[in-house]
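Letter by letter, the chains look like this.
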Amino acid sequence: MLANSIPEAEENLKLLIEISKKFGLEINKEKSNVLIFNDKEKTQEICGIKVTDNIKYLGITIINKKDLFKKQKENMIEKAQKLANMTFNIIEKCCNKVLIGKTYWKSLVLPSVLYGAGVINFTNAEIQKLQIIENSVYRKILGGRKDTPVSAMRSEIGASLMKTRIIESKINLSKNISTGKNKLLKDILRKTKADKKNRWTITLDKYLEEINITSIETEKLNKKEIKDRLRRWDSENWRKEIESKSSLNIYRYWKKEIKEETFYDNRWSSKLLFLARTNSLPLNIRNRHTNGKVHCNICDMNVNEDLEHFLIDCPKLENERCQKYIEEKDVKDDAIGKFLFEVSNIEEKKEMIQKMWKKRKSLIQEMDDL
Ligand SMILES: [Zn+2]
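For clarity, every value in this text was computed on a predicted model and none was experimentally measured. (Residues numbered from 1 in each chain as written. Predicted model: local features only at pLDDT ≥ 70, side-chain atom pairs only at ≥ 80, totals over all residues. Heavy atoms only, no water.)

## Comments concerning the side chain of Asn135
- In this structure, Asn135 sits in helix α5 (residues 124–142).
- In this structure, Asn135 is in contact with Val150 and Met153, ignoring residues within four places of it in sequence. (Helix = DSSP H or I, 4+ residues; strand = E, 2+ residues; numbered from the N terminus. Contact = heavy atoms within 4.5 Å.)

## Focus on the sheet that holds strand β2 (residues 45–46)
- Spatial strand order, β1-β3-β2: three strands in an open sheet with mixed pairing. Across the chains shown, the open sheet's two edge strands, defined by having one partner strand only, are β1 (34–35) and β2.
- Summarising the sheet, β1 and strand β3 (residues 49–52) pair through two bridges and their orientation is parallel. Opposite Leu35, over in β3, you have Thr52 as the bridge partner. (Pairing = 2+ DSSP bridges.)

## Description of the packing of helix α4 (residues 97–113) against α5
- Contact pair α4 / α5: the axes reach a minimum separation of 9 Å and the direction vectors enclose 160 degrees. The orientation of α4 with respect to α5, classified from their angle, is roughly antiparallel. For the crossing formed where α4 meets α5, the hand is right-handed. Listed contacts from α5 to Lys97, Val98, Gly101, Lys102, Trp105, Lys106, Leu110 and Val113 of α4 are Leu130, Ile133, Glu134, Val137, Tyr138, Ile141 and Leu142.
- For the contact of α4 with α5, the residue count by class is 10 nonpolar, one polar and four charged. (Axes fitted to C-alpha atoms, helices over the stretch in contact; angles between N-to-C directions. Parallel < 35°, antiparallel > 145°, perpendicular 65-115°, else oblique. Left-handed = near helix turned anticlockwise from the far one by under 90°. Nonpolar A, V, L, I, M, F, W, Y, C, P; charged D, E, K, R; others polar.)

## Quick word on the coordination of the zinc ion
- The protein atoms donating to the zinc ion are Cys296 (SG), Cys299 (SG), His309 (NE2) and Cys314 (SG), with metal-donor distances spanning 2.0 to 2.3 Å.
- Geometry at the zinc ion is tetrahedral, judged from the four donor atoms that bind it and their angles of 102 to 117 degrees at the metal.
- Counting the intervening residues between successive donors of the zinc ion yields the motif C-x2-C-x9-H-x4-C. A residue pair is termed long-range when its members are at least 10 positions apart, and Cys296 in the loop between α13 (268–277) and α14 (307–313) and Cys314 in the loop between α14 and α15 (332–341) qualify at 18 residues. (Donors = N, O, S within 2.8 Å, 3.2 Å for Na, K, Ca; no water. Tetrahedral: all angles 85-135°; square planar, octahedral: opposite > 155°, others 65-115°.)

Right, here's the structure in full:
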């Protein structure tokens, strides 16, 4: 029941109690609660029903503050973190970590965490918190390192942004109400949308502007078409991101879209291939911001140990390197790209990287022993 004032609430409650009685029904006051917004008198109860500072309605916690979903959003973030921490237990013993991990996160965790996201207004900082949790899950299931770019993990796994999902649920909520049969809800939606000071409306309008879609279009387009528009916006974001990362210069040339790769499995060789593709193999070039020891330790060439040196040039890995897969090219980036991104012989290529990595490791070990 909603009311604009305490006297109005009392009036309504009295009526409800009275009328219910005629039908032999009774209000369970122990199980009922009152929430008062902007209460300066610190009211304790109304008609014997206790006043609290939060209630749970249809699974969503509402508090008596200006941001009435604040607690709910904190709960959502907490839940996402808890379920993200469980990812390792879920994927540990399964046959394909990437497949199961992705299914766990997208089909089980997200629907539960984002339940009700359409009605709630998130700040960018709150969305970012959820995004960071999600990134940690992708890092876990792909075997990414701290410096593996998020944008590359996202496109290897085929995932959209948290923000895209939140925008989609907001648009869909509005669509479901306006095409549905509930007249009261339609009325509320119409009034809410007309009120340009309403936070829900402000947020929705901002999102529509951001993805460059008009309010009229959201009504005309079907859900699939809206999804496509959102995907396009999401991909543009992704493209900007990978273009800003110099370490992904080969990646962005070969990987043109966000698309799940199906060749990943639980083997070490698979993780190495992933790290090589995303240019985050722990080669010495990665030390450039820390101790500065960037030269290759295993050969005497006195050059930086980067992906090119490891895959193509290092003479100490000659026997493990299979020339059949690493072709001679004028531009070495082309040879690397062809090797890492063309899926033909992908299993042999995984094997080859693993052999090379093993050799590198044992040569470093030998040198340490000396
Ligand atoms: Zn070398």
